[in-house]
Amino acid sequence: MKGRIQIDKERCKGCCLCVDVCPKECIHLSEGLNLKGYFVATFVADDTCTGCGNCAVMCPDVAITVSIADAAAGRRSAATVAADAPEIAAAVTADSHQATAAVAAKVTCP
Ligand code: SF4
Ligand code: SF4
């Protein structure tokens, strides 16, 4: 299963939540600015993206769209998300703002 993401740079505020939550290190903060003056996240298209959707779930500004090459795989199930990142999945279920806070606490991106 190969995934790709698209980042709407004008929605991005460079918070790095997506950078930190990506298990494949497919997302980096670029040196490019958007119209609001934020450094924006950029996708490194090197076939390592699995389409897991973590980045899209975590983005507080709904700036990320995920597509998966293997259509048969479809969307990642909630059970799979919970198995891989139970603390994040639980927080998303309880409150999306809690989830953002949970990941924000782990952010290492400058
Ligand atoms: S989580 Fe969203 S707003 Fe934050 S850097 Fe990533 S794309 Fe931009
Ligand atoms: S879909 Fe998953 S692997 Fe792909 S960029 Fe987003 S978090 Fe990383």
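Look up: the structure comes first, before these words.
Calculation criteria
- Residue numbers run consecutively from 1 along every chain, following the written order of its sequence.
- Numbering of ligands from 1 and lettering of chains from A proceed in the order in which they are written.
- It should be noted that, the model being predicted, local features are given only for residues of pLDDT at least 70 and side-chain atom pairs only at 80 or more, the latter also being counted only at that level, while totals for whole chains, interfaces and linings use all residues.
- A helix here means a DSSP run of H or I that spans at least four residues, while a strand means a run of E at least two residues long, and both kinds are numbered starting from the N terminus.
- Burial is judged by counting the other C-beta atoms within 10 Å of a residue's own C-beta: 20 or more makes it buried, 12 or fewer makes it exposed, and any count in between marks it as partly exposed, with every C-beta position built from the backbone.
- Throughout this description, a residue near a molecule or strand is one whose C-beta atom, derived from the backbone, lies within 6 Å of it.
- When residues are grouped by polarity, Ala, Val, Leu, Ile, Met, Phe, Trp, Tyr, Cys and Pro land in nonpolar, Asp, Glu, Lys and Arg in charged, and all others, Gly among them, in polar.
- The contact rule is simple: place each C-beta atom from the backbone, and if two of them lie within 7 Å, those residues are in contact.
- Working definition: the nonpolar core is a set of buried Ala, Val, Leu, Ile, Met, Phe, Trp, Tyr and Cys residues, joined through C-beta atoms within 7 Å.
- Pairing between strands is defined by DSSP: at least two bridges between them are needed.

*Asks:* Sorry if this is basic, but what is going on with the overall build of the protein chain here?
*Replies:* For the protein chain, the helix and strand inventory stands at 5 helices and 4 strands. Listing every helix and strand of the protein chain by position from the N terminus yields β-α-β-β-α-β-α-α-α. By residue count, 25% of the 110 residues in the protein chain fall in the buried class.

*Asks:* Help me understand the site of ligand 1, please; the structure alone is not making it clear to me.
*Replies:* In the neighbourhood of ligand 1, 14 residues make up the surrounding shell, with Cys-12, Cys-15, Cys-18, Ala-41 and Cys-59 lying closest. Considering only residue class, the shell around ligand 1 consists of 11 nonpolar, 1 polar and 2 charged.

*Asks:* What should I look at first to understand the site of ligand 2 in this one?
*Replies:* Around ligand 2 sit 16 residues in total, of which Cys-22, Cys-26, Cys-49, Cys-52 and Cys-55 are the nearest. Where the shell around ligand 2 is concerned, the elements lending two or more residues are strand S1 (3-7) and helix H2 (54-58). Of the residues in the shell around ligand 2, the class split is 10 nonpolar, 5 polar and 1 charged.

*Asks:* Please explain unusual backbone geometry as it appears in this structure.
*Replies:* Note: most residues except glycine have negative phi, and most peptide bonds are trans. Residue Asp-47 is not a glycine yet carries a positive backbone phi of 70°. Inspection of the secondary structure puts Asp-47 in the loop between strand S3 (39-43) and H2. Given 12 C-beta atoms within a 10 Å radius, Asp-47 is considered exposed.

*Asks:* Any chance you could explain the environment of Arg-11 here in plain terms?
*Replies:* Here Arg-11 is to be found in the loop between S1 and helix H1 (17-21). Each C-alpha atom of the pair Arg-11 and Leu-35 lies 9.7 Å from the other, and the pair is 24 residues apart in sequence. If near-sequence neighbours (up to four positions away) are discounted, Arg-11 is found in contact with Asp-61, Val-62 and Ala-63.

*Asks:* Is there a simple way to explain the nonpolar core in this structure?
*Replies:* Soluble globular proteins: nonpolar side chains tend toward being buried together. One finds Cys-18 and Cys-55 to be the most contacted residues of the largest nonpolar core, which totals 20 residues. Within the residue set of this core, elements represented by two or more residues are S1, H1, S3 and H2. The element best represented in this core is H1, accounting for 4 residues. In this view, Cys-55 contacts Ile-5, Cys-18, Val-21, Cys-22, Ile-27 and Ile-64; residues no more than four positions away in its chain are not counted.

*Asks:* Before we go on, may I ask you to explain the pairing of strand S2 (residues 27-33) in this structure?
*Replies:* Of the pairings in the sheet, the one linking S2 to S3 comprises 4 bridges and is antiparallel in character. Opposite Ile-27, over in S3, you have Phe-43 as the bridge partner. Between S2 and the antiparallel strand that follows it, S3, lie 5 residues; Gly-37 among them carries a positive phi value of about 90°.

*Asks:* Just to check I follow, could you spell out the environment of Gly-51 for this structure?
*Replies:* Examined against the element boundaries, Gly-51 turns out to sit in the loop between S3 and H2. Judged by C-beta crowding, with 20 C-beta atoms within 10 Å, Gly-51 ranks as buried. With 16 residues separating them along the chain, Gly-51 and Ser-67 place their C-alpha atoms 6.6 Å apart.

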